[in-house]
Structure formats: structure tokens, C-alpha cells
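Descriptive analysis of the structure
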Amino acid sequence: MSYTFDPLVPRPIDLPTSVPLDGPLDEQDVAALDQAKIFAAPDDPAQRAAWRERLEAWRSGARERHGFTGAVYERPQAAWAASCFTIAQVWLWDELLYSFEENRFTPERFLADARERFADLDAVVLWHAYPVIGIDDRNQWDFYRDVPGLTGPDGLVATLHAAGLHVFVDYNPWDTGTRRGEDDLSELAAVVADLPADGVFLDTLKKAEPELVARLEAARPGIVLEGESKLAVERIEDHSSSWAQFFADSAVPGVLRAHWYERRHMQHHVRRWNRDHTDELQSAWINGVGVMVWEVVFGVWVGWSERDAATLRRMVTVQRAAKDLLLDGAWTPLTDLAPEARDAGVHASLFSRDGVSLWTLVNRGEDDYTGQVLADAPAGRLIDLTGLAASAAPTDPTGTPVAQAGGTVDGAGATAPPVTVPGRGIAALVHVAPGADEPDWLPGLVEDMRRHAPSADARFPHRLARRIVPEVSASGLDGTARLDGSAAHTTAHPVPVHPETGAGQDVEASAVVVPAGPYVLTVRYRARETGMYQGAPYVEEWKPLAPRLHDPRTLQRDGELAAPVAVAATEVTNAEFARFLDATGYRPATRHRFLAHWVDDRPPAGREDEPVTFVDLDDARAYSAWRGGRLPSEDEWQLAGETGGLLRGTPVVWNWTESEHSDGRTRYAMLKGGSDHESVGSEWYFDGGVQRPEFSAKLLLPGLGLARSSSIGFRCAWTVEVTA
């Protein structure tokens, strides 16, 4: 079968698997079901009972064939994973979690946002290295170990634990081209123990090999392993969780194969590039599993709409309260509903235990459905949990809201009250049978659900990047130099004009002067998941794949220089930076990694004329201000470079530019020039190698000194104000 790549539609391997309903299953049928992502549901309601029977038979047979014991799910330290309904993928330097102005982690802001928008989170993946890794020789373990304030009793991980969240680290098996330490098994086990981490997300891996599983369990008993995408059925035995990523569902919602096989196996639905999360929310809801919230996707904002966030708040509030039902109750997928509801596209799972039942309903249609959902009203109390926010919600004699158009149902066979299931939305009903004990979580759940009203607001909260303009001034000229590394990001002070030359102080005679006036530039770059300037690059695409990922691209940038700009022909050297330190006593606000290659605060012998490295943007700005100048913008650097007048030091290093941007969640800067260093062996690494002037690279900025690199230096620029 031929397959034509279309980024907007699922690939064949992502499609749901049909379940044969006629005759016995042959080996080919069994193999297909073992490899399914989702068991497709039949459109014909008359076939659903047979479909459920076939799923039961497959599960029993598969467990016997694979010798399933469930031992990994009996570990008390890992019991939390079975009810981990929300997990967030979080860039460690997300500006909600880290303040560049205060140089500290801000978990209080992150947790407050999660509480308000998503009714809290159960876990986070602290994403750390990609897409920065490869800028120099640091490996993935360095990007955890070298972070001040991450570990310890007052560190970020401890704070998240104290707030009730579990913490995952991510493992990048493709990282083979950076510096080598111990073998991956030893390194990962040490990181897991040192943080300490509760789980490991297996980036690009569906499963860990048994030796890795054993090593991690020894390092951190109860460690939870979460593979990316489809987990082999035999490995559900030793992996507590997995992503439901790139899982296409059937029109009638199907059943997640791994979760059906073992209810305690938690799956997290995720479609990272989608603006609309209806599909994964509905599949998670009807399967009783979780969702991954991923709003900053490797540096680009793909935030959740208020409608989707409100849906998730309502879902997890029910799931957390009724988790025993979801884990241990009898699960009837595609339970029978009133024909009019079914014809409108409403479907439900039923979870029942000890006389208590929960219906998780979804509406596949675009329009709200209001009417009968249950064909016959069961005797006892029937509560419409998702209708509780309505001001006119009726109550039973105890004051508890019940299904919207009626009170407590007293006898079987009565007409059930109508229920509203929003178009492309969800709803929930709870029933307590006569004589059954009311679950102790029900009163609290009823109260909590009153606070979680549905939302019809599907607008996407755009975050367009803004350029950050630092406030720096030249030392010794106006007495207002800020040389502590704490640049404020407001308006720039003008560079002082030399009274004789009309140029900024200390302009190099060899500097390349770019004339004033309009310009048009062709910029070349490699397409990465980071995007380039503004906006997410793969929105609504199913999965970024070649030829739309890691391919060379070009774009045009135009602008105008109001005045000529002089760009230094050479990079600032170690010796020049040492003179700056001697003259000013400059000390950065965060000293971590500052001039890490120097010895006793002096340049290494024989390397005085090499470009200074292990400096960040604020360090470079401070030096440039001392020279009466500033950093060149990305465009100014390219305009000067295309004249052929810019020289490169040895070794060749990337150059900082003043093109620093933030969308309020991710801070990044554009680098120019390339470097001698190049991490090889994976396309996921940052760009390396010496580059032509037109090439630009987007570097997400880490904090606490981690932006200081052996592969990044800088050169100065001056605005030339011509006097009459």
C-alpha cells in the first residue's frame, strides 16, 4: 500500500484498529490487536455487545499469552501513577516557572496558574536539555546536574513535591554526540536518585529495555516509566504509564488498548500542536485516563483555550474523586443509552461498583444535546454532576442538585430527567442505587463541581514574541552604568557621541560600517520544533516529519537603519574582557559558569587572544556599554557580515546578538556565525559548524548561568551619529 505524506492527517500507523467480530481470531487478528493503539468502535449499536465480548476475550488471552502478573502495579511507592490524571510538560526555564529578572525559580506562580486554569496538576515533566543541547559539549545529564536551586531541601523539585506534584525527568537516548561520562544506565539512575525523581519520560522511546528498568528501580524504588506513543503489550508488565500520542480515534469513541489490558496502566492523551484538544479530552474521559497539558512546545506557545481548560477542570475533578470507580469498577465501554441521545452523537462509558455508577458522556456532534440520556431511569439518586453550575439546578430533599429537569428518581422504569451534553463536550452522571452506601467522596465532589462551570470560549490566547530592549549605558560617561548583570528590559539609553569623530566611544578603527537606510535580507535557517520568530511552526499538523522537519529554509526580513552602524570586525577576546573586569570590577548577578574556562580569574595562558566565551547576554552587554557601544542586532550582524569584513577568531564561536525576544513564557536569542563545535549523531542537536552570515539560529535561553557556553562569544557595535 502506498502512503503519501500529508501533515494534516494521521499516518496509517496512527489509525484505530478494527476488531473482527465474526468467527474466531486467527494469528493475524491477534497480532493486529496486540499492536493496536485504539480499538475502533463499531458504528452499528447492534454490534457493540459482541464488540465488548471480543475485547474481553482478547484481554484474557493476551494476559495468558504474555504471562501478565501485574507486580509493577503493586508497588506502594508507585500507586499514585494509576490516578495521575494530569501531567504537564514544562520547559525548565518557562517564564512562569523561572524569573530572569529575579534569577530564581518561581514555582509559586506556576502552581497558582495550574490551580486556576486546570484545577491543579498531578505531575510535571521538567524538560531540560532539548532543544539547547548540542550548542556545546554538555550532555543531557549536565543540564540537570548543573542547575543551581534544582535539588536540595529548598530546591525546585522539593517545592513541587511539597505541593503534591510528582516530578518526571526526561531521558534522551539519542544524545550520543556530546561529552561522555558513565554509561546511560548509570547516569540516568544517578540523576533519578539525586533529584529525586518520581518518574522518567522516555523521549523517542516506546519502552525501556529490561536492564534499564531494573537499574532505575534499584536507584529509586517505585520509579514510574512512561514511554512515548504505543507501548508493546508485553511491556505493560513493567511500565506503569505511557503517552497516548498520535492516537487517532474512531468516529464512535474506541477503547485504549493498553489501559483496557490493565486499568492501572495510566495513559496521557496529548496532541502537542493542536489548538483544539476536544479529541484527546473526549477519549481520555470515556476511557478513564489522563491528559498531558503542553502549552510551551519546545519554545513556542500553543496554549489551551479557556473552553478546553474548563473541560479539563471538570474532568479531573470527577476523576480524582471517583478514582476507585475508574480503577476497580466494572467498565462498560459504549454502554447503552437512549436512542435519541445515541443518534445525536452522544456516547458513554459506565463504571459501576457496589451500587454506585458513573457515566462519562461525550458528544461527538457540534450542537448541544439536551434530552434523555438514559433510556430508563434507575431507582435511587441520579445526579448530573456537570449540570451543577446552572443557577436553576434542581435539588433533592437534602438540597443536593440532581439531574437538571427532575428530582430524586424513586423507581425503575421512570423517565429519566433530561441532561445537557455540550456540543463536542462532556458530561457526567452519578447514580446511587437504593440501599447502597453513598460514597464518601460524593458530597465533596458535588460542592467542587459547582465551582467548575463549562465554558464556550474556544479562543486561543495568543502570545506573540516581543523584542527585549535592555537598559544599559556606558560606564564612566554618565555615572549610571549598570554593571551587575541585572539589566532592566525597558528602553535603551542612547550611546554617547564622541565630540570629535561623531561616533560612540572607543569605536574600533577596523569596524565594518553599515550605512543607514532600508534593507532586505534573506535569512537561512534549519526548521526545528522551536519555530523561528513568532508563532508555532506545526499547528494542527498531526506529527512533524521530514520533509517539513529539520529541512533548510529561507525567509526575508526587511527593515531600516535610522543611522549608520559600526560592527566590530573581531570578537572580544579574553584579554580585552580581562581589561574590562580590571577597570570596572564587574561581577554578574549570577556567577554560575561565568568565565568557567579561566584560571584564578585570569585567561588561560596562551589563550588571551581567543574569543571570550562563557559569557551570557548581560555580560556581553555590560562590556559593550563600557566600550560606549552595544551588541549588534541580528540584522546588523548579517549586513556587516555580508560585506566580507567580519573576521572570525580561533576557535570559531557563535556570536550573541541584541535580538533577544520573549512571548512571556519563553525567552530566546538569535545567534549568528556558527562555531567550530558541532554535536553529531542526531538531528535533534542544536545547529553547529561554521555558518555563512545569512544563517540564523534560535537559542532558547536557560537561566542561572546555563546560557554561558564554550561555543558563544560576542562582538560590539556602535550607532554612528553623523554630526554636521
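Residues numbered from 1 in each chain as written. Predicted model: local features only at pLDDT ≥ 70, side-chain atom pairs only at ≥ 80, totals over all residues. Heavy atoms only, no water.

1. Regarding the pattern of salt bridges
Where we set the bar: For this analysis, a salt bridge means a side-chain nitrogen from Lys or Arg found within 4 Å of a carboxyl oxygen belonging to Asp or Glu. Elements are defined by DSSP. Helices are runs of H or I of four residues or more, strands are runs of E of two residues or more, and each kind is numbered from the N terminus. For every residue, the accessible area (1.4 Å probe, protein chains only) is compared with the maximum for its type, and the residue is labelled buried under 20%, exposed over 50%, or partly exposed between those bounds.
Enumeration according to the criterion identifies 56 salt bridges in this entry. Notably, a salt bridge pairs Asp122 with Arg320, separated by 3.3 Å at the nearest N-O pair. Note that Asp122 is positioned in the loop between α3 (107-118) and β5 (123-127) and Arg320 in helix α10 (residues 306-321), a separation of 198 residues in sequence. For Arg320, a relative accessible area of 25% translates into the label partly exposed.

2. A look at the nonpolar core
Note the following rule: Here, nonpolar core means buried Ala, Val, Leu, Ile, Met, Phe, Trp, Tyr and Cys residues that are tied together by side-chain atoms lying within 4.5 Å of each other. The criterion used for residue contact is that any of the two residues' heavy atoms lie within 4.5 Å.
One finds Val124, Leu126, Val200, Phe577, Trp656 and Phe714 to be the most contacted residues of the largest nonpolar core, which totals 180 residues. The residues touching Phe577, leaving out its near neighbours within four places in the chain, are Val572, Phe594, Leu595, Trp598, Val612, Val615, Asp619, Tyr623 and Phe714. Counting 17 residues, the second-largest nonpolar core is a separate cluster that includes Ala341, Ala348, Leu374 and Ala427.

3. Points about the side chain of Arg75
Here Arg75 is to be found in the loop between α2 (48-65) and β2 (86-91). Relative accessible area serves as the criterion here: at 14%, Arg75 is assigned to the buried category. In this structure, Arg75 is in contact with Glu217, Gly222, Ile223 and Ser240, ignoring residues within four places of it in sequence.

4. So, the side chain of Asp122
So the rule is basically this: Throughout this description, a polar contact denotes any pair of N or O atoms lying within 3.5 Å of each other; where both atoms belong to protein, one of them has to be capable of donating a hydrogen while the other can accept it, and for residues adjacent in sequence the pair is counted only when both atoms sit in side chains.
Since its relative accessible area comes to 15%, Asp122 is described here as buried. Of the polar contacts made by the side chain of Asp122, one reaches the backbone nitrogen of Phe85; its length is 2.9 Å. Sequence-distant contacts of Asp122, defined by excluding residues within four places in its chain, comprise Ser83, Cys84, Phe85, Thr86, Gly164, Leu165, His166 and Arg320.

5. Regarding the packing of helix α14 (residues 574-584) against helix α15 (residues 617-626)
Here is the rule we go by: Angles here are taken between N-to-C directions and fall from 0 to 180 degrees, while the axes themselves are lines fitted to C-alpha atoms, restricted in helices to the stretch in contact. Any angle between 65 and 115 degrees counts as roughly perpendicular, while under 35 counts as roughly parallel, over 145 as roughly antiparallel, and the rest as oblique. Residues are sorted three ways: Asp, Glu, Lys and Arg are charged, Ala, Val, Leu, Ile, Met, Phe, Trp, Tyr, Cys and Pro are nonpolar, and all the rest, Gly among them, are polar.
Put simply, α14 and α15 touch, their axes get as near as 11 Å, and they point 75° apart. If you check the angle between α14 and α15, you find them roughly perpendicular. Note on element contacts: α15 touches α14 through Asp619, Ala622, Tyr623 and Trp626, opposite Glu576, Phe577, Arg579, Phe580, Ala583 and Thr584. Partitioned by chemical class, the residues of the contact of α14 with α15 number 6 nonpolar, 1 polar and 3 charged.

6. Side note on the packing of aromatic side chains
To keep things clear, this is the line we draw: When two rings of Phe, Tyr or Trp (its six-membered ring) have centres within 6.5 Å they constitute a pair, described as stacked for plane angles under 30 degrees, edge-to-face for angles over 60, and tilted for the intermediate range.
Considering all chains together, one arrives at 37 aromatic pairs under this definition. Ring geometry for Phe577 and Phe580: centres 5.2 Å apart, planes at 65°, overall edge-to-face. Of this pair, Phe577 and Phe580 are both found in helix α14, 3 residues apart, which corresponds to roughly one turn of the helix. Like Phe580, Phe577 is buried. Residues Phe577 and Tyr623 carry aromatic rings whose centres are separated by 5.7 Å and whose planes lie at 20° to one another, so their mutual orientation is stacked. Taken as a pair, Phe577 in helix α14 and Tyr623 in helix α15 lie far apart in primary sequence, 46 residues in all.

7. Things to note about unusual backbone geometry
In terms of backbone geometry, most residues other than glycine have negative phi values and most peptide bonds are trans. The peptide bond linking Ala546 to Pro547 adopts the cis configuration, its omega dihedral lying at 10°. Tracing the backbone through its elements, the reader meets Pro547 in the loop between β24 (517-526) and β25 (552-561). For Ala119, which is not glycine, the phi torsion reads 55° and is therefore positive. Within the fold, Ala119 resides in the loop between α3 and β5. On the accessibility criterion, Ala119 (11% relative accessible area) is buried. One non-glycine residue with positive phi stands out, namely Asp600, at about 55°. A relative accessible area of 70% places Asp600 in the exposed class.

8. Remarks on the environment of Val690
Residue position: Val690 is located in strand β31 (residues 689-690). Each C-alpha atom of the pair Val690 and Phe110 lies 39 Å from the other, and the pair is 580 residues apart in sequence. Among residues more than four places away in sequence, those in contact with Val690 are Val652, Gly673, Gly674, Ser675 and Asp676.

9. Some thoughts on the confidence of the model for the chain
Basically, it comes down to this: Values of pLDDT, the confidence the predictor places in each residue, fall between 0 and 100.
Mean pLDDT over the chain: 91, with 91% of residues reaching 70 or higher. In this model residues 401-413 is a low-confidence stretch, pLDDT under 50, and it forms 48 contacts with partners more than four residues away in sequence or in other chains.

10. Description of the pairing of strand β19 (residues 381-384)
Along a regular strand, successive side chains alternate from one face of the sheet to the other. Cut-off, in case you're wondering: Pairing between strands is defined by DSSP: at least two bridges between them are needed.
Burial along β19 is two-sided: the residues Arg381 and Ile383 and Leu382 and Asp384 are all buried. As paired elements, β19 and strand β21 (residues 426-432) share 4 bridges and run antiparallel to each other. Bridge pairing links Leu382 to His431 in β21.

11. Some thoughts on helix α9 (residues 278-287)
Across the 10 residues of α9, 9 count as buried, placing the element largely inside the fold. Listing the buried residues of α9 in full gives Thr278, Glu280, Leu281, Gln282, Ser283, Ala284, Trp285, Ile286 and Asn287.

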